[in-house]
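A structural walkthrough
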Amino acid sequence: MSKKKLGIHTICTHVGEIKDEQFKGAISPIYMSTSYEFDNVDIKRYPRYFNTPNQEHLSKKIAALERAESAMIFGSGMAAISHMFLAFLQKGDHLVVQNTLYGGTSNFIREEFHKYGIEYTFTNSHKEADFIAAIRPNTKVIHIETPSNPLLTITDIKAIASLAKSKGIITTIDNTFASPVNQNPLDLGIDIVMHSATKYLGGHSDILAGAVAGSKDHIDRIWNVSKNLGGSLSDMTVWLLERSMKTLALRVKSQTKNAKKLAKFLNKHSDVTKVYYPGLKSHPEHELAKSQMHDFGAMISFELANGIDAMAFQKQLHLIKSSMSLAGVESTMLLPSETSHALLTQEQRDAVGISDRLIRFSVGIENYKDLKKDIEQAITKTKVAAFA
Ligand SMILES: *Cc1c(COP(=O)(O)O)cnc(C)c1O
């Protein structure tokens, strides 16, 4: 059976299962061995070589979801990003990177690249013209993030991929926010997709992991660096991630459905001044999002009216947790200026449009009406407290 023909729920449930030949159990067994007999000279299995049975099989599920030839899983999303960059960039090379992106990626580039002699340019915006302006003769990689964290800007994936191809530059994308359920960038010409599997792939706020997917040739190049850096994931966690991913499409579709309704609700609310969600017609890149995403995802950012303190509002929420990270089955909110982007300077935050009032909302699988009620009561209580 061709994997390409399988539906997404079937891929999530079955691709990459390990058959339990011995006991015929329903799920994949866990192989915890760090030592394997040399019964085949071609395969020397060792966890740091990313080739234990569990690692190898889960990679197949991720590859199938991203319609890739090959995939690898890592101990964290940052391990996936750093190993990916270090595989394609060396001393004297140059990286073009989107200005609006995950804070950790930006920190890695700003704090580590000079030690390796790798040059970089952050674009002025997520528009194609700014990528063109940033390219130099020694540019080897262009890295984009769309929808971006936390402002949900949409980058034209096809345009950037073909721009890079015309110049022999490799393209990488952080597909964490969309997840493979809502966006498949390899189909649009991108070379390598990465994920923080800590987010939607894991989905239950209990796993730290990362993944990359692409052609066999590209993933082999990443493997060559990764085996030296040693960022692999324990097989216990690999197994847990496999279990989580069986419900990936179910969860993300249900979260996306909630997010679409909540974005509309927030957009109409008189105490909400701004809503950033690519599914809203008012989003400047709504049409682009529609053309390159299967659906709009479950991340929303918004700003409350002047005079309604964002921090005080979060404290009034009962159901929605105010916490770090995102993409779990439970809804969470946070202030990027205090958390994910706290290490940027005020000027850097202003430059990309992250105000101190901006609230990032990771929509979970709870019932829409309960989430809506929670937000309504928290706004009302915050207003009453402010004017008392
Ligand atoms: C969380 C996150 C990362 C980093 O992943 P970790 O698993 O925390 O290392 C990278 N990109 C995006 C968009 C993220 O949200």
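Below you will find a few notes about this structure. (Residues numbered from 1 in each chain as written. Predicted model: local features only at pLDDT ≥ 70, side-chain atom pairs only at ≥ 80, totals over all residues. Heavy atoms only, no water.)

With respect to the overall build of the protein chain
Rules: The secondary structure listing takes helices from DSSP runs of H or I that are at least 4 residues long and strands from runs of E that are at least 2 residues long, numbered from the N terminus. Each radius of gyration is computed over the set of C-alpha atoms, and the globule rule expresses the reference value as 2.2 Å times the number of residues to the power 0.38. Think of it in three bands: residues with accessible area under 20% of the maximum for their type are buried, residues over 50% are exposed, and the middle band is partly exposed, with areas taken using a 1.4 Å probe on protein chains only. Only heavy atoms enter the contact rule, under which two residues are in contact if any of them lie within 4.5 Å. Note on areas: Shrake-Rupley, 1.4 Å probe, and residue coverage restricted to the protein chains presented here. Working convention for charge: Lys and Arg count positive, Asp and Glu count negative, and His plus the chain ends are omitted. We put the charge of a Lys on NZ, of an Arg on CZ, of an Asp on CG and of a Glu on CD.
When its secondary structure is counted, the protein chain shows 14 helices and twelve strands. For a compact globule of 388 residues, the expected C-alpha radius of gyration is about 21 Å, and the protein chain comes in at 21 Å, within 12% of that figure. Taken along its principal axes, the extent of the C-alpha atoms in the protein chain is 75 × 55 × 35 Å. Sorting the 388 residues of the protein chain into buried and exposed places 56% on the buried side. In the protein chain, of all internal contacts separated by at least 6 residues, the share reaching a separation of at least 24 is 73%. Total accessible area on the protein chain stands at roughly 17200 Å², and carbon and sulfur atoms take up 53% of it. Of the charged side chains in the protein chain, 46 are positive and 40 negative, and the gap between their average positions amounts to 4 Å.

Examining the pattern of salt bridges
Short version of the rule: Salt bridge, as used here: a side-chain nitrogen of Lys or Arg that lies within 4 Å of a carboxyl oxygen of Asp or Glu.
Within this structure, the stated rule accounts for 14 salt bridges. The salt bridge involving Lys 115 is made with Glu 112; its shortest N-O contact spans 2.9 Å. Within this pair, Lys 115 and its partner Glu 112 are both found in helix H4 (residues 103–116), separated by three residues, close to a single helical turn. Overall, Glu 112 belongs to the partly exposed group, its relative accessible area being 23%. The salt bridge partner of Glu 376 is Lys 372, with a shortest N-O separation of 3.9 Å. Here the residue Glu 376 and the residue Lys 372 both occupy positions in helix H14 (residues 368–387), the gap between them amounting to four residues, near one helical turn.

Remarks on the sheet that holds strand S10 (residues 321–322)
Neighbouring strands of a sheet are bound in pairs by backbone hydrogen bonds; such pairs are parallel or else antiparallel. Operational definition: Here, strands pair whenever DSSP counts at least two bridges between them. The axes used here are C-alpha line fits, helices contributing only the stretch in contact, and every angle between their N-to-C directions lies in the interval 0 to 180 degrees.
With mixed pairing, five strands are arranged side by side in an open sheet as S8-S9-S12-S11-S10. Looking at the sheet topology across the chains shown, the edges are occupied by strand S8 (272–276) and S10. Where strand S11 (residues 332–334) meets strand S12 (residues 358–362), three bridges bridge the pair, whose relative direction is antiparallel. Bridge pairing in S12 links Leu 334 to Arg 360. This element, helix H10 (residues 248–268), spans S8, strand S9 (299–304) and S12 of the sheet and lies at about 15° to S9.

Topic: the packing of helix H2 (residues 53–65) against helix H9 (residues 235–245)
Quick note on the threshold: For any pair of crossing helices, the crossing counts as left-handed if the nearer helix is rotated counterclockwise from the farther one by less than a right angle, and right-handed if it is rotated clockwise. Residues are grouped as follows: Ala, Val, Leu, Ile, Met, Phe, Trp, Tyr, Cys and Pro are nonpolar; Asp, Glu, Lys and Arg are charged; every other residue, Gly included, is polar.
Running from N to C, H2 and H9 point in directions that differ by 35°, and their axes come no closer than 9 Å. The handedness of the crossing between H2 and H9 is left-handed. Along the contact surface, H2 presents Asn 54, Gln 55, Leu 58, Lys 61, Ile 62 and Leu 65, while H9 presents Asp 235, Val 238, Trp 239, Leu 241, Glu 242 and Met 245. The class makeup of the residues in the contact of H2 with H9 is seven nonpolar, two polar and three charged.

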